[in-house]
Amino acid sequence: MSTPDSTLPTEAQVTFADLDLPAQLQKAVDDLGFTTPSPIQAEAIPALLAGRDITGVAQTGTGKTAAFGIPLLAAVDPAADVSRGHVQALVLAPTRELAMQVADAVESFAAHMPGVRVLPVYGGAPYVPQQRALRDGVQVVVGTPGRIMDHLERGSLHLDTVKFLVLDEADEMLRMGFAEDVEKIFGQAATERQVALFSATMPPAIRAVADTHLNNPVQVAVSRQSSTVTAVEQTYAVVPFRHKVGSLVRVLATSEADATIVFTRTRAAAEEVGVALVERGVSAATISGDVAQKEREKIVERLRNGSLDVLVATDVAARGLDVDRIGLVVNFDIPREPEAYVHRVGRTGRAGRTGRALSFVTPHERGKLKHIERTIRAKLTEVEIPSPRDVSAHRARTILGTVPARLEAGRLDLYTELLSEHLAPREDGTAPDAAQVAAALLALAVGDDGPAHRAAQEEHERERAEVKGGRTRETHRAERGDRDGDRTRRHPRADRDGRGESGRGIRRPAEGTRYRIAVGHTHGAQPRGIVGALTNEGGLRGGDIGKIDIFGNFSLVDITKPLDDATMNRIGRANVAGRQLRISVDKGAPERRAPRTERRPAHAAH
Ligand code: ADP
Ligand code: MG
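In this report, the structure presented in the accompanying data block is examined. This structure is a prediction, so every number in the text was calculated from the model and none was measured. (Residues numbered from 1 in each chain as written. Chains lettered and ligands numbered in written order. Predicted model: local features only at pLDDT ≥ 70, side-chain atom pairs only at ≥ 80, totals over all residues. Heavy atoms only, no water.)

### Let's talk about the packing of helix α11 (residues 244-254) against helix α17 (residues 388-409)
Thought 1: Between α11 and α17, the least distance of the axes is 9 Å, while the angle of their chain directions is 25°. By the angle class used here, α11 and α17 are roughly parallel. For the crossing formed where α11 meets α17, the hand is left-handed. Across from Arg250, Ala253 and Thr254 in α11, the residues of α17 making contact are Pro388, Asp390, Val391, His394 and Arg395. (Axes fitted to C-alpha atoms, helices over the stretch in contact; angles between N-to-C directions. Helix = DSSP H or I, 4+ residues; strand = E, 2+ residues; numbered from the N terminus. Parallel < 35°, antiparallel > 145°, perpendicular 65-115°, else oblique. Left-handed = near helix turned anticlockwise from the far one by under 90°. Contact = heavy atoms within 4.5 Å.)

### Focus: the sheet that holds strand β2 (residues 89-92)
Thought 1: Spatially, β3-β4-β2-β5-β6-β1-β7 is the arrangement adopted by the 7 strands of the open sheet, whose pairing is parallel. Both edges of this open sheet fall to β3 (118-121) and β7 (218-221), since each of them pairs with a single strand only. Averaged over all pairs of adjacent strands, the angle between strand axes in this sheet comes to 15°, irrespective of strand direction.
Thought 2: Where β2 meets strand β5 (residues 164-167), 4 bridges bridge the pair, whose relative direction is parallel. Note that in β5 the partner of Ala89 across the bridge is Phe164.
Thought 3: Packing against the sheet, helix α3 (residues 64-75) makes contact with β2, β4 (140-143), β5 and β6 (194-199), and its axis sits at approximately 170° to β5.
Thought 4: Along the sheet face, helix α5 (residues 127-136) touches β3 and β4 and points at about 150° away from the line of β3. (Pairing = 2+ DSSP bridges.)

### A word on the site of ligand 1
Thought 1: Of all residues adjacent to ligand 1, which total 14 residues, the nearest are Thr36, Gln41, Gly61, Lys64 and Thr65.
Thought 2: In this structure, a nitrogen atom belonging to ligand 1 sits 2.8 Å away from a side-chain N or O atom of Gln41.
Thought 3: A distance of 3.1 Å is found between an oxygen atom of ligand 1 and a backbone nitrogen or oxygen belonging to Thr62.
Thought 4: For ligand 1, whose free accessible area comes to 560 Å², the fraction covered by protein is 70%.
Thought 5: Looking at the shell around ligand 1 residue by residue, the class counts come to 3 nonpolar, 9 polar and 2 charged. (Near = heavy atom within 4 Å. Polar contact = N/O pair within 3.5 Å; in protein donor to acceptor, adjacent residues only side chain to side chain. Areas by Shrake-Rupley, 256 points an atom, 1.4 Å probe, with all protein chains shown as cover. Nonpolar A, V, L, I, M, F, W, Y, C, P; charged D, E, K, R; others polar.)

### A closer look at the packing of α3 against helix α4 (residues 96-109)
Thought 1: Interaxial distance between α3 and α4 falls to 9 Å at its minimum, and their mutual angle equals 50°. As judged from the angle between their axes, α3 and α4 are oblique. The interaxial crossing formed by α3 with α4 has right-handed handedness. Where α3 approaches α4, its residues Thr65, Ala66, Phe68, Gly69, Ile70, Leu72 and Leu73 are matched on the opposing element by Val102, Ala105, Val106 and Phe109.

### A closer look at the pairing of strand β16 (residues 545-550)
Thought 1: Taken together, the 4 bridges between β16 and strand β17 (residues 555-559) define a ladder with antiparallel strand orientation. Directly across from Ile550, in β17, lies its bridge partner Ser555.
Thought 2: The hairpin turn running from β16 into β17, its antiparallel successor, is 4 residues long.

### Quick look at the packing of aromatic side chains
The geometry of an aromatic ring pair comes down to the distance between the two centres and the angle between the two planes.
Thought 1: Applying the stated criterion across every chain yields a total of 4 aromatic pairs.
Thought 2: Between Phe332 and Phe360, the ring centres sit 6.0 Å apart and the planes meet at 50°, which makes this aromatic pair tilted. Taken together, the positions of Phe332 in the loop between β12 (326-331) and α15 (338-345) and Phe360 in strand β13 (residues 355-361) put the pair 28 residues apart, joining distant regions of the chain. Residue Phe332 shares its accessibility class with Phe360, and that shared class is buried.
Thought 3: For the pair Phe551 and Phe554, a centre-to-centre distance of 4.8 Å together with 10° between the ring planes defines the contact as stacked. Note on accessibility: Phe551 and Phe554 belong to one class, buried.
Thought 4: Here the guanidinium or amino end of Arg154 rests over the ring plane of Tyr127, the centre of that ring lying 3.5 Å away. (Phe/Tyr/Trp six-rings, centres within 6.5 Å; stacked < 30°, edge-to-face > 60°. Buried < 20%, exposed > 50% of the residue type's maximum accessible area, 1.4 Å probe, protein only. Lys NZ or Arg CZ within 6 Å of the ring centre and 35° of its normal.)

Here's what the structure looks like:
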């Protein structure tokens, strides 16, 4: 990459070829497609090859396995007798899963070292096969401390010939109560051995282990930032442009993340997506480059304290944003530059938490995806966008999950009584089926028509088929006015990168400006309430307010007086029908369902 960024490895220019690996290891690295060592690898591999001990502080996904696995294999002597459990290298890992993973990885590094065997050893598996393998001879053992101790006690494993000892995820190992076993293992290991200790954190207990058992170690630490990208589960979904908003809503509706950042390429798109989300009842706010610093801080604080769950932002606006609650980053538009991708994804997976990133890729953007994958040296996993059915199921499961606690709370007498009345046999001998009644109540609680919502489900299937077929053509959708349709048809304007408003056929007010506010019929908004809020919070006079059109989820208001930022903010926070107005300049939409046009009352109510 041409412009190294603070979050990308600065050692990017170093290649594995520069590390002078033994030929058979270099070959394995080539096979694996590793070209550039990660920062921890670039530091640890030369130090370990030179025979030094090291401590490495690095988080998950920084490439620690190769950092110790490659030098460990370089230290192995395939000609030496390793039978009867006299191993040459031992890696300690905290769990069975990690032991298996590390053993697999080390084995792949040893692909061109015939005769070198790697044995994973962990509890819960029968002893005999492990003992047999040790007796026949393996050079490398990767195991959990408990099972390693068992083998040492049984005499099936000997550490007097060990040349290389690794503690992987040392903090986790101590947390799991393996401190004593680790001490014993060090006590039995040959004194002429090299030690590498890796840990995500370096608390005093680990420091003490290092001080006691390591010999003047080289200390390597990689910053949190350089690990973020690989610490995040990175996924993508192929989404045709016009389905992006609908897809986003479904992703958010089924997400388990505490908070989410949605990135768009342009400010206009950020505004548009933010408004679309709010209209659909998502607690979302938008920050783009031109949001005042103070306003930005307020929004970030709301995101941090949990009063806001979704932030829509542009790259510039989100720079430096550091909020631990963010569990999901959605790239609504895939960024042009891989560096921007790294920045965006780095907003999640912070403070040792796990994070997920989901990039929307339109069918013709697959090339951009490949470019990003090459730069970050990782593959993104393709996932499917949740269907409307998935959303219903998610809501239903969430509700069902609260049932036991509600049962526990009691005070259900009234409802039990009403239900048994409802379920009682009728005159004609028929009775409603209790399970069907429960299903109907669940559907009511979920608040949708249920997936006999077939139209939406079919639409979704069609989308999928279209994506699979690789068609990029913007086919017109069935104009049924289903909930997704309304929004997704509107959106494409936003990405034309225009802040320009030309050619949209917007009805302009006779004079003044048309504003959009986030309350509509569905919320029970009345012209009187809107006028009241505008006059009270906004300091407007009745004469400043023109026509008011109330739609389902929002309303449009013509205001003749120019509104300054402070006034916009005050009005934006004002409540009508229990919802914030979130006023913004209306950018017009090509089609809207027929509004109920209200003549505003001659006099403001208050
Ligand atoms: P850690 O142990 O630090 O969590 P791993 O060693 O498991 O990280 O590596 C994480 C992922 O990165 C693995 O899938 C690994 O194959 C890959 N990887 C490691 N080093 C490189 C590299 N230099 N180039 C490309 N991919 C790498
Ligand atoms: Mg690891």
